[in-house]
Amino acid sequence: MQRRSILKAAAGAATTLAVPQVFAQPWPSGPIRIIVGFPPGGGTDALARVLSVKLTQMWNQQVIVENKAGVAGVLAADYVAQQASDGTTLLMAHINSHALAPSLQPKLNYSVERDFVPIVLVGVTPNLLIANTNEAARTVKDIVALCKAKPGQVTFGSAGNGSAQHLALELFKLQAKVDAIHVPYKGSGPLLTDLMGGQIQYSFETMTAATPHVKSGKVLAVAQTRTKRAKGHPSVPTMEEQGFPGFEATTWYGLVGPGKLPTAIAQKMNEDVNKVLAMPDVQEKLDTYGAEDGGGTREKFAAFIRSETAKWARVVKDGHIKVES
């Protein structure tokens, strides 16, 4: 009886102690992969690489970013859901895979709640309505007028069918009562290449991915899509300021693990990523990218995912939005 009590006490303490002391299933000894569902050059990839550098130093083991692009991030999520729950494979979860896909793609192979363990919210960003530098329509009002003058001809790129950029465009079309062409890509990298090259005209791109090109003058920032201006872009007006009250279409990122990831490992990772997010040089990068409101508990992130899923399910239903197969 006494031995049983000691074992129970030890198990209870295991969730709060440091890595080398706690795990019946040991902390992963080899490289840890963060899977990103988009090509290099996008916002998800950029934030994952910021974390990977710091966590490699903190854990004294290699943390690798691995890109598995396709289906607006769903391909990567499906892959991670099937991996061993030993901490060696994590997903940089994204609004696409964890809040939009459940209502847009009812035949998903995974369940967000069953097949993933939330670790930590990394950041929430506005999207930036950006334009090719040769476009004459450079305000929201002018873009609306252009869409009305040329219905079904003005092009908006996205990171894929069912992506955050796609849903932001659909919300814009509903509120502005305009028609426009949606051009899906396999991630932000190729989208931005074509937008800068003039193959497409506009995009509600993630602020994280768009920022370097805005700063360099290769694309124009027209508006941002939270109701408050991001610290990194104080001079760019919001959609609300340009005649769209309450318009909010964010992109968010967070770390999750496969569905049976042990609580102790998830908790340790949460605490360490919170430490990384609080580092001044990391905070400076996050501000530049417009990524705010990250960090906090695992429970906070789980509740956030549930609220986002419910919100976008309503938008999909009200807008009769379907993803092309």
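Residues numbered from 1 in each chain as written. Predicted model: local features only at pLDDT ≥ 70, side-chain atom pairs only at ≥ 80, totals over all residues. Heavy atoms only, no water.

Trainee: Would you explain the environment of Glu-248 in this entry?
Mentor: Looking at the secondary structure, you find Glu-248 in the loop between β8 (219–224) and β9 (250–258). Residue class for Glu-248 comes out partly exposed when judged on its relative accessible area of 26%. For the pair Glu-248 and Ala-168, spaced 80 residues apart in the sequence, the C-alpha separation amounts to 8.3 Å. Beyond its immediate chain neighbours, meaning those up to four positions away, Glu-248 contacts Leu-171, Thr-225, Arg-226, Thr-227, Lys-311 and Trp-312. Within the local environment of Glu-248, its side chain forms a polar contact with the backbone nitrogen of Thr-227, the two atoms lying 3.2 Å apart. (Helix = DSSP H or I, 4+ residues; strand = E, 2+ residues; numbered from the N terminus. Buried < 20%, exposed > 50% of the residue type's maximum accessible area, 1.4 Å probe, protein only. Contact = heavy atoms within 4.5 Å. Polar contact = N/O pair within 3.5 Å; in protein donor to acceptor, adjacent residues only side chain to side chain.)

Trainee: What should I look at first to understand helix α9 (residues 188–197) in this one?
Mentor: Those residues of α9 that fall on the buried side of the exposure criterion are Ser-188, Gly-189, Leu-191, Leu-192 and Leu-195. Projected onto a plane normal to the axis of α9, the buried residues spread over an arc of 160° and lie on a single side. Against the buried residues of α9 lie β4 (116–132), β5 (155–158), α8 (164–176), β7 (202–206), α10 (207–215) and β8. (Arc of directions from axis to C-beta.)

Trainee: Teacher, can you tell me more about the nonpolar core here?
Mentor: A general trend in soluble globular proteins is that nonpolar side chains are found buried together. In terms of nonpolar packing, the biggest core is built from 53 residues, with Leu-129, Phe-156 and Phe-172 touching the most fellow members. Among the elements that take part in this core, α8 stands out by supplying seven residues, more than any other. Once you skip the residues sitting within four places of it in the chain, Phe-156 turns out to touch Leu-129, Ile-143, Cys-147, Leu-169, Phe-172, Ala-180, Ile-181, His-182, Val-183, Tyr-202, Ser-203 and Phe-204. (Core = buried A, V, L, I, M, F, W, Y, C linked by side-chain atoms within 4.5 Å.)

Trainee: Any chance you could explain unusual backbone geometry here in plain terms?
Mentor: Most peptide bonds take the trans form, and the phi angle of most residues other than glycine is negative. Non-glycine residue Asn-60 carries a positive phi angle of around 55°. Counting through the fold element by element, Asn-60 comes out in the loop between α3 (43–59) and β2 (63–67). In this structure Asn-60 comes out as exposed when scored by relative accessible area, which is 72%. With a phi close to 55°, Val-71 is a non-glycine residue in the positive phi region.

Trainee: What exactly am I supposed to notice about the confidence of the model for the protein chain here?
Mentor: Detailed reading of the predicted coordinates is not advisable wherever pLDDT is low. Taken as a whole, the protein chain shows an average pLDDT of 90; of its residues, 92% reach a score of 70 or greater. In this model, residues 1–23 is a region of pLDDT below 50 whose contacts with residues beyond four sequence positions or in other chains number 10 contacts. (pLDDT = per-residue confidence, 0-100.)

Trainee: Looking at this structure, how should I read the packing of α3 against helix α12 (residues 280–289)?
Mentor: The description of two packed helices rests on the angle between their axes and on the distance between the axes. Look at α3 against α12: their axes get within 11 Å of each other, and the N-to-C directions meet at 180°. Taken together, the axes of α3 and α12 are roughly antiparallel relative to one another. On α12, the residues that touch Ala-46, Leu-47, Val-50 and Lys-54 of α3 are Asp-281, Val-282, Lys-285, Leu-286 and Tyr-289. The residue makeup of the contact of α3 with α12, split by class, is six nonpolar, no polar and three charged. (Axes fitted to C-alpha atoms, helices over the stretch in contact; angles between N-to-C directions. Parallel < 35°, antiparallel > 145°, perpendicular 65-115°, else oblique. Nonpolar A, V, L, I, M, F, W, Y, C, P; charged D, E, K, R; others polar.)

Trainee: What should I look at first to understand the packing of aromatic side chains in this one?
Mentor: Centre distance and the angle of the planes are the two values used to describe a pair of aromatic rings. In this structure the tally under the stated criterion is 11 aromatic pairs. Between Trp-27 and Trp-59, the aromatic rings sit 5.1 Å apart at their centres with planes inclined by 75°, giving edge-to-face as the arrangement. Of this pair, Trp-27 sits in the loop between α2 (19–22) and β1 (32–36) while Trp-59 sits in helix α3, placing them 32 residues apart in sequence. Exposure class is identical for Trp-27 and Trp-59. Each is buried. Considering the side-chain rings of Trp-252 and Phe-304, the 5.3 Å spacing of their centres and the 75° angle between planes classify their relative orientation as edge-to-face. Of this pair, Trp-252 sits in strand β9 while Phe-304 is found in helix α13 (residues 298–319), placing the two residues 52 residues apart along the sequence. Overall, Trp-252 belongs to the buried group, its relative accessible area being 0%. Within the aromatic cluster, the residues linked to one another by ring pairs are Phe-156, Phe-172, Tyr-202, Phe-204, Phe-244 and Phe-247. The ring of Tyr-79 carries Lys-68 above its face, with NZ or CZ at 4.4 Å from the centroid. (Phe/Tyr/Trp six-rings, centres within 6.5 Å; stacked < 30°, edge-to-face > 60°. Lys NZ or Arg CZ within 6 Å of the ring centre and 35° of its normal.)

Trainee: I keep staring at the environment of Lys-231 and nothing clicks. Help me out?
Mentor: Note that Lys-231 resides in the loop between β8 and β9. Lys-231 gets classed as exposed once you look at its relative accessible area, which sits at 60%. C-alpha of Lys-231 to C-alpha of Ala-291: the two residues are 60 residues apart in sequence and 9.0 Å apart in space. Those residues in contact with Lys-231, other than ones at most four positions away along the chain, are Asp-287 and Glu-292.

Trainee: Looking at this model, I keep getting lost on the pairing of β1. Mind explaining?
Mentor: Remark: a regular strand shows side chains that alternate across the two faces of the sheet. Among the five residues that make up β1, five are buried, leaving the element largely enclosed by the rest of the structure. Examined bridge by bridge, β1 and β2 share five bridges and lie parallel to one another. Bridge assignment links Ile-32 to a residue of β2, and that residue is Val-63. Remark: the β1/α3/β2 crossover connection has right-handed handedness. Bridging between β1 and strand β3 (residues 89–94) involves three bridges; their strand directions are parallel. In the sheet register, Ile-34 faces β3, and the bridge partner there is Leu-90. (Pairing = 2+ DSSP bridges. Right-handed = clockwise from strand over helix to strand, strands pointing away.)

Trainee: So what exactly am I meant to see when it comes to α3 here?
Mentor: Because the α-helix completes a turn every 3.6 residues, residues three or four places apart line up on one side. Between its terminal C-alpha atoms α3 stretches 24 Å, which fits the 24 Å expected from 17 residues at 1.5 Å a residue. Counting buried residues along α3, 12 of its 17 residues qualify, which places the element largely inside the surrounding structure. If you check which residues of α3 are buried, you get Gly-43, Thr-44, Asp-45, Ala-46, Leu-47, Ala-48, Val-50, Leu-51, Ser-52, Lys-54, Leu-55 and Trp-59. Asn-60 lies just past α3 and shows a positive phi near 55°. (Expected span 1.5 Å × (residues − 1).)

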